[in-house]
Amino acid sequence: QYSPDCVAGADGEIDPTEISFPGCSCRSSSCVAPSCSCLCRGDNYGGQCLRGAEQEGFARPVFECNALCQCSESCQNRLVQRGLRLRLQVFRTPRKGWGVRALEPVPQGRFVCEYAGEVLGLAEARRRIRAQSPQDSNYIIAVREHLHDGRVLETFVDPTHVGNVGRFLNHSCEPNLFMVPVRVDSMVPRLALFAATDIPAGEELCYDYSGRFHNSPGSSREHKPLEEDNRLRKPCYCGSPTCASFLPWDSSLFSTP
């Protein structure tokens with residue numbers, strides 16, 4: 001089932017459509033910092049979030065204006081919520097199954113699409129992962145946001161049964177997209193994918209499933225697999241010079257709570 005936005009998973013633990021953030025009182029056509037309360041909560045799209053976190057170690061979170069805000073629908077701080085604006089094509093790749101490419105050039109920093117699906121709690125995400133066979137495609141993504149005080153916020157999205165075009169994006173060890181968690185109406189983030197470089201029309205769109213790309217060294221929690229775990233891993237066919245041979249592996253969803 002196609003859905004442009006995330007929906008509550010079958011476990012009903014998290015409702016991504018809930019509105020829990022207050023709106024800003026800006027009455028201008030486009031909000032600006034520091035007068036906008038939404039922009040004061042974190043970063044905006046001209047800031048560190050689109051440049052990576054290599055220098056400071058952490059990027060500030062991104063908060064868009066929301067349904068309760070008094071600013072115009074054309075506000076520059078409303079981007080991901082407007083949805084897909086590019087012409088994308090799902091196509092069959094020689095070795096990776098389905099893939100996605102843009103039918104027009106994509107400039108660096110441009111929002112491409114969201115990775116949408118069912119938002120799950122940890123228990124349901126683990127249950128679904130364990131129910132898969134080695135031959136099954138795994139679409140479940142685990143996004144971990146590291147707070148400055150050491151806490152980690154986890155978001156699990158599964159577009160296997162309900163999702164959007166983002167489910168067809170393949171992994172690359174040298175990707176041309178990167179993911180940014182963007183919050184609009186609540187603390188449940190939207191997983192937004194942006195162009196990491198200028199992308200010509202027709203080039204396959206890929207991102208790094210592990211989160212290594214665009215993050216500071218050591219921030220990824222990808223687990224180094226044991227030799228016996230390699231039988232569960234899927235080969236990587238990205239073809240980049242730095243290819244790791246296997247798709248990223250996170251054993252935490254397989255481990256006992």
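This section reports on the structure supplied with the text. (Residues numbered from 1 in each chain as written. Predicted model: local features only at pLDDT ≥ 70, side-chain atom pairs only at ≥ 80, totals over all residues. Heavy atoms only, no water.)

Scanning the model with the defined rule gives five aromatic pairs in all. With a centroid separation of 6.3 Å and 65 degrees between ring planes, the pair formed by tyrosine 115 and tyrosine 207 is classed as edge-to-face. Taken together, the residues span a long stretch of sequence, with tyrosine 115 in the loop between β5 (111-114) and β6 (118-120) and tyrosine 207 in strand β12 (residues 206-207) at a distance of 92 residues. Classification of tyrosine 207 as buried rests on a relative accessible area of 4%. Considering the side-chain rings of phenylalanine 178 and phenylalanine 194, the 6.0 Å spacing of their centres and the 25 degrees angle between planes classify their relative orientation as stacked. (Phe/Tyr/Trp six-rings, centres within 6.5 Å; stacked < 30°, edge-to-face > 60°. Helix = DSSP H or I, 4+ residues; strand = E, 2+ residues; numbered from the N terminus. Buried < 20%, exposed > 50% of the residue type's maximum accessible area, 1.4 Å probe, protein only.)

Turning next to the environment of arginine 85. With respect to the helices, strands and loops of the structure, arginine 85 is situated in the loop between β2 (62-63) and β3 (88-92). We classify arginine 85 as exposed; its relative accessible area is 56%. Sequence separation of arginine 85 and phenylalanine 111 is 26 residues, and the distance between their C-alpha atoms is 8.5 Å. Here the side chain of arginine 85 touches arginine 82 through a polar contact of 2.7 Å, landing on its backbone oxygen. (Polar contact = N/O pair within 3.5 Å; in protein donor to acceptor, adjacent residues only side chain to side chain.)

Let's shift gears to the pairing of strand β8 (residues 152-158). The side chains of a regular strand alternate between both faces of the sheet. Both β6 and β8 contribute to a ladder of three bridges, which runs antiparallel. Bridging from a neighbouring strand, glutamate 118 pairs with aspartate 158 of β8. Pairing geometry for strand β7 (residues 141-146) and β8, over six bridges, is antiparallel. Counted as the bridge partner of arginine 144 is glutamate 154 from β8. The loop that links β7 with its antiparallel partner β8 comprises five residues; one of these, glycine 150, has a positive phi angle of about 100 degrees. (Pairing = 2+ DSSP bridges.)

On to the pattern of salt bridges, then. Throughout the structure, instances matching the rule amount to 10 salt bridges. Glutamate 124 is paired through a salt bridge with arginine 127; the nearest N and O atoms lie 2.8 Å apart. In this pair, glutamate 124 and arginine 127 both sit in helix α2 (residues 122-131), three residues apart, roughly one turn of the helix. With a closest N to O distance of 2.8 Å, glutamate 124 and arginine 128 form a salt bridge. Placement of the pair is glutamate 124 and arginine 128 together in helix α2, with a separation of four residues, close to one helical turn. In this structure arginine 128 comes out as buried when scored by relative accessible area, which is 12%. Connected via shared salt-bridge partners are Glu118, Glu124, Arg127, Arg128 and Asp158. (Salt bridge = Lys/Arg side-chain N within 4 Å of Asp/Glu carboxyl O.)

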